[in-house]
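# Summary of structural features
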Amino acid sequence: MELKFKSQIGFVSVILLLVLPILCNSQDSYICSRATYYGSPDCYGNPRGACGYGDYGQTVNDGNVAGVSWLWKNGSGCGACYQVRCKIAGLCDENGAYVVVTDYGVGDRTDFIMSPRGYSKLGKNADASAELFKYGVVDIEYKRVPCKYNGYNLLLKVHERSKYPHYLAIIILYVGGTNDVTGVQLWQEDCQEWRPMRRVFGAVFDAENPPRGAIKLRFQVSGSAGLYWVQSKNVISSDWEAGAVYDSQIQLD
């Protein structure tokens, strides 16, 4: 019985080693993985990324963006920022690249599929970057870092597929700090209660038959301060239309 128990413990340990991310020995705050890049005619991001960002996902952070696999977190990982450093002596910049998650993607045991613009930042100079592109896939270490959008509060964009007044979908942009937006609710005045919006995909939330009049929203945020709700100081106007952008007048630090 004792031998069987020890065997089970060993089996579980092996499974955990295979499933969990590997913490790098040299940098206890970095996680070891691999990264590659995707094709892009202009080297920027993908406007059709799984986060639903559209053109924002192409040019945010000057196009230094990435698709991720398990870090996507069913969409709540959209907008997260990471420092990514490659590990090839003589080629890799010590600071590496700072990328924003805008897409979901699965590569060959990679956690990051980077825009060419972002991937090029891994190299210490232009020649080194050209060599890294030849590798195709490189060993990296990465860590979550705060997103900093100077001059921007958290913004709400009415998704292009919204149909006034019966269907409202919103995209959440410029989530600062190391925060994830895990839920959105709108205020139902006639019932005097907060009504949950559905996460459609990525950073897109929707509601059928939204309240008439100005629409109040609040966001469930997961970050260093734990899980909490924060309410927008601004409202979506009563005559909203697809494509409109609203400033929440709040910042998540």
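Here we summarise the structure given alongside this text. (Residues numbered from 1 in each chain as written. Predicted model: local features only at pLDDT ≥ 70, side-chain atom pairs only at ≥ 80, totals over all residues. Heavy atoms only, no water.)

### Description of the packing of aromatic side chains
- Applying the stated criterion to the full structure yields 13 aromatic pairs.
- Centroid distance Tyr-37 to Tyr-119: 4.8 Å. Interplanar angle 50°. Geometry classified as tilted. With Tyr-37 in strand E2 (residues 31-37) and Tyr-119 in helix H3 (residues 116-120), this residue pair connects regions lying 82 residues apart in the sequence.
- Using a relative accessible area of 29% as the deciding quantity, one classes Tyr-37 as partly exposed.
- When its relative accessible area of 0% is taken as the criterion, Tyr-119 is described as buried.
- Arg-85 extends its terminal NZ or CZ atom over the ring of Tyr-30, reaching a point 4.2 Å from the ring centre.
- Across the ring face of Trp-229, the terminal group of Arg-218 is positioned such that the distance to the ring centre comes to 4.4 Å. (Phe/Tyr/Trp six-rings, centres within 6.5 Å; stacked < 30°, edge-to-face > 60°. Helix = DSSP H or I, 4+ residues; strand = E, 2+ residues; numbered from the N terminus. Buried < 20%, exposed > 50% of the residue type's maximum accessible area, 1.4 Å probe, protein only. Lys NZ or Arg CZ within 6 Å of the ring centre and 35° of its normal.)

### Considering the sheet that holds strand E16 (residues 245-247)
- Sheet architecture is open: five strands sit in the order E12-E13-E9-E8-E16, paired in antiparallel fashion. Across the chains shown, the open sheet's two edge strands, defined by having one partner strand only, are strand E12 (198-201) and E16. Each adjacent strand pair in this sheet contributes to an overall mean axis angle of 35°, direction not counted.
- Inspection of the sheet shows E12 paired to strand E13 (residues 204-208) by three bridges, in the antiparallel sense. Within E13, the position partnered with Arg-198 by the bridge is Asp-206. (Pairing = 2+ DSSP bridges. Axes fitted to C-alpha atoms, helices over the stretch in contact; angles between N-to-C directions.)

### Here's the deal with the side chain of Thr-110
- Inspection of the secondary structure assignment puts Thr-110 in the loop between strand E5 (97-104) and strand E6 (112-114).
- Polar contacts involving the side chain of Thr-110 include one to the main-chain amide nitrogen of Gly-107, which spans 3.4 Å.
- Those residues in contact with Thr-110 that lie beyond four places of it in its chain are Ser-33, Arg-34, Ala-35, Thr-36, Ser-69 and Val-137. (Polar contact = N/O pair within 3.5 Å; in protein donor to acceptor, adjacent residues only side chain to side chain. Contact = heavy atoms within 4.5 Å.)

### Some details on the sheet that holds strand E14 (residues 217-223)
- Judged by pairing direction, the sheet is antiparallel, and its four strands sit side by side in the order E11-E10-E14-E15 without closing on themselves. Two strands lie at the open edges of the sheet, namely strand E11 (193-196) and strand E15 (226-231), each paired on one side alone. Taken pair by pair, the neighbouring strands of this sheet meet at an average axis angle of 30°, ignoring direction.
- Two elements, strand E10 (residues 180-188) and E14, share six bridges in a ladder whose sense is antiparallel. Among the inter-strand pairings, Val-181 is bridged to a residue of E14, identified as Val-221.

### Considering the pattern of salt bridges
- Applying the stated criterion to the full structure yields nine salt bridges.
- Its salt-bridge partner being Arg-117, residue Asp-62 comes within 3.2 Å of it at the nearest N-O pair. With Asp-62 in the loop between helix H2 (55-59) and strand E3 (65-68) and Arg-117 in helix H3, this pair connects stretches of sequence that are 55 residues apart.
- For Arg-117, a relative accessible area of 25% corresponds to the partly exposed category.
- Between Lys-134 and Glu-131 there is a salt bridge; the shortest N-O distance is 3.1 Å. Pair noted here: Lys-134 and Glu-131 are both in helix H4 (residues 126-135), with a separation of three residues, about one helical turn.
- Taking the relative accessible area as the measure of exposure, Lys-134 reaches 64% and is therefore exposed.
- Residue classification places Glu-131 among the partly exposed positions, given a relative accessible area of 33%. (Salt bridge = Lys/Arg side-chain N within 4 Å of Asp/Glu carboxyl O.)

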